[in-house]
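# Structure assessment
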Amino acid sequence: MNRFATPLAIALSLSMTSLWGQPTDETKVDQLLEALGMPEIIEIMRKEGLSYGQTLAEDMIPGGPTDQWDMAVSTIYDTEMMYEEVRGAFGEAVAGDDIDAMLDFFTSSPGEKIIKLEVSARRAMLDEAVEEASKENAAIAMMDKRRGMCWCRNSSR
């Protein structure tokens, strides 16, 4: 028997176990992105980008947006491309981290609630009335803080 056969067989069986026995880091990254609500957030980002593109064209292009402009903006905010960009950068950012612990948290009841609220808030900000109200509330809070009337829990009045 060849002296390399046994080590080779062991190496192959170990690599096959890691390939089929448990999810790869790439699979875990996808699971984590799903748990973080990233597909919904990217869809919201697309809507925000398309809206901004419309506003930009109305302000900067004589005659407003054209079909070419709309197509270019739509291409920039393509959800598949955006997801792949986020996935790549996110995968690099969490490389070497304990993704299982993150998955455990973000798939738990408190983690799911946090993500649901975040996605809901992002979606609500697409509504111009909600956005205006939040800007007004932020301005009032900043004015109150400057006057020493901060309603923050840990503020010293």
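In this text, all values refer to a predicted model and were calculated from it rather than measured experimentally. (Residues numbered from 1 in each chain as written. Predicted model: local features only at pLDDT ≥ 70, side-chain atom pairs only at ≥ 80, totals over all residues. Heavy atoms only, no water.)

## Some points on a negative patch on the surface
A cluster of acidic residues, D127, E128, E132 and E136, forms a negative patch on the protein surface. Take E128: it is sitting in helix α8 (residues 128-146). With relative accessibility at 65%, the residue E128 sits in the exposed group. (Patch = residues over 30% accessible without salt bridge, like charges linked within 9 Å, V, L, I, M, F, W, Y side chains within 5 Å. Areas by Shrake-Rupley, 256 points an atom, 1.4 Å probe, with all protein chains shown as cover. Salt bridge = Lys/Arg side-chain N within 4 Å of Asp/Glu carboxyl O. Lys, Arg positive; Asp, Glu negative; His and termini not counted. Charge placed at Lys NZ, Arg CZ, Asp CG, Glu CD. Helix = DSSP H or I, 4+ residues; strand = E, 2+ residues; numbered from the N terminus. Buried < 20%, exposed > 50% of the residue type's maximum accessible area, 1.4 Å probe, protein only.)

## As for α8
Between its terminal C-alpha atoms α8 stretches 27 Å, which fits the 27 Å expected from 19 residues at 1.5 Å a residue. Among the residues of α8, the N-terminal cap falls to D127, whose side-chain oxygen and the backbone nitrogen of A129 are separated by 2.9 Å. (Expected span 1.5 Å × (residues − 1). Polar contact = N/O pair within 3.5 Å; in protein donor to acceptor, adjacent residues only side chain to side chain.)

## Some words on the packing of helix α3 (residues 38-60) against helix α5 (residues 79-94)
Viewed as axis vectors pointing N to C, α3 and α5 meet at an angle of 125 degrees, and their least axial separation amounts to 10 Å. When the axis of α3 is compared with that of α5, the two are oblique. Handedness of the crossing formed by α3 with α5: right-handed. Here α3 contributes M38, P39, I42, E43, M45 and R46 to the contact with α5, which in turn contributes T79, M82, Y83 and V86. Partitioned by chemical class, the residues of the contact of α3 with α5 number 7 nonpolar, 1 polar and 2 charged. (Axes fitted to C-alpha atoms, helices over the stretch in contact; angles between N-to-C directions. Parallel < 35°, antiparallel > 145°, perpendicular 65-115°, else oblique. Left-handed = near helix turned anticlockwise from the far one by under 90°. Contact = heavy atoms within 4.5 Å. Nonpolar A, V, L, I, M, F, W, Y, C, P; charged D, E, K, R; others polar.)

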